Amino acid sequence: MQINHYSSPWIANQKQVGRYRRDDEPAGADPVAQPIDPPAHGSYGNLLFDPRWKAKRNEIISRDKGCCVICKGTDEIQVHHRQYQYVKAMKGFKVPWDYPDYLMITLCKSCHQRGHSKFKVPVLII
């Protein structure tokens, strides 16, 4: 089933998970033979201090003219991933800066929190 998540920043009823792998981590065994049950979201916060994320974040904010795409506010601007991608060969998620620009949008803190409280970010297994 193809999900169209380009028209809205949020998609309901999807499982949000949080295992991230850096590009230099070795790939593990193919997880297809066993259920995918990644650990909690814990390592994600540390990746947001990486200079590659900071550069990507600045690109997205510039593209969106420095304001929230929902309310047009400019206070407490954040970048939201509209989809997470789990890479089976790596047994982990792509790092935050390794997504195409069209899967990221600029949101104010309020719209970002409100969206996460209502919806789950879709996960694509590749």
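Reference entry: report on the structure contained in this document. What you see is a predicted model, and the numbers here were worked out from it, not measured in a lab.

A short note on the pairing of strand β1 (residues 77-81)
So, step 1. Within β1, 4 of the 5 residues are buried, leaving the element largely enclosed by the surrounding structure.
So, step 2. Where β1 and strand β4 (residues 104-108) come together, 5 bridges link them in antiparallel fashion. From the neighbouring strand, Val-79 faces β4, where its bridge partner is Thr-106.

Regarding the sheet that holds strand β2 (residues 84-87)
So, step 1. Across the sheet, 3 strands lie side by side as β3-β2-β5; this open sheet has mixed pairing. Edge positions in the sheet fall to β3 (92-93) and β5 (123-125), since each has one partner strand and no second.
So, step 2. Of the strand pairs in this sheet, β2 and β5 are connected by 3 bridges, and their pairing is parallel. In the sheet register, Tyr-84 faces β5, and the bridge partner there is Val-123.

Focus on the nonpolar core
So, step 1. One finds Trp-53, Val-79, Tyr-84, Trp-97, Tyr-99 and Met-104 to be the most contacted residues of the largest nonpolar core, which totals 15 residues.
So, step 2. Looking at this core, the elements with two or more residues in it are α2 (51-63), β1 and β2.
So, step 3. At 3 residues, the largest contribution of residues to this core is made by α2.
So, step 4. Of all hydrophobic cores here, the second largest spans 5 residues; its members include Cys-68, Leu-107, Cys-108 and Cys-111.

Some words on the environment of Cys-108
So, step 1. Its place among the elements puts Cys-108 in strand β4.
So, step 2. Here the alpha-carbon distance between Cys-108 and Glu-76, two residues 32 residues apart in the chain, equals 5.5 Å.
So, step 3. Ignoring any residue separated from it by four or fewer positions in sequence, one finds Cys-108 in contact with Cys-68, Cys-71, Asp-75, Glu-76 and Ile-77.

Points about the side chain of His-80
So, step 1. Position of His-80 among the secondary structure elements: in strand β1.
So, step 2. For His-80, a relative accessible area of 1% corresponds to the buried category.
So, step 3. A polar contact is formed between the side chain of His-80 and the side chain of His-112, at a distance of 3.3 Å.

Some thoughts on α2
So, step 1. For α2, which comprises 13 residues, the first-to-last C-alpha distance of 18 Å matches the rise-based estimate of 18 Å (1.5 Å per residue) to within 8%.
So, step 2. Every buried residue of α2 is accounted for by Trp-53, Lys-56, Ile-60 and Ile-61. For α2, the arc enclosing every buried residue in end-on projection is 135°, short of the 170-degree limit, so these residues lie on one face. For α2, the exposed residues lying more than 90 degrees away from the buried face are Pro-51 and Ser-62.

Definitions and limits used
Think of each chain on its own: its residues are numbered from 1, step by step along the sequence as written. Local features are withheld for residues below a pLDDT of 70 in this predicted model, meaning they are given only at 70 or higher, and side-chain atom pairs are given and counted only at 80 or more; totals for whole chains, interfaces and linings count all residues. To obtain the side-chain values, all non-hydrogen atoms of the structure were used and water was disregarded. Only protein chains enter the area calculation, which uses a 1.4 Å probe; residues under 20% of their type maximum are buried, those over 50% are exposed, and those in between are partly exposed. The numbering of helices and of strands both runs from the N terminus, where a helix is a DSSP run of H or I of at least 4 residues and a strand a run of E of at least 2. For two strands to count as paired, DSSP must find a minimum of two bridges between them. Buried Ala, Val, Leu, Ile, Met, Phe, Trp, Tyr and Cys residues form a nonpolar core when they are joined through side-chain atoms within 4.5 Å. Contacts: residue pairs with any heavy atoms within 4.5 Å of one another. Here a polar contact is recorded for every N or O atom pair within 3.5 Å, except that within protein the pair must consist of a potential hydrogen donor and a potential acceptor, and residues adjacent in sequence are included only if both atoms are side-chain atoms. Expected helix span is given by 1.5 Å per residue-to-residue step, counting one fewer step than there are residues. Here, the arc refers to the directions that run from the helix axis to the C-beta atoms.

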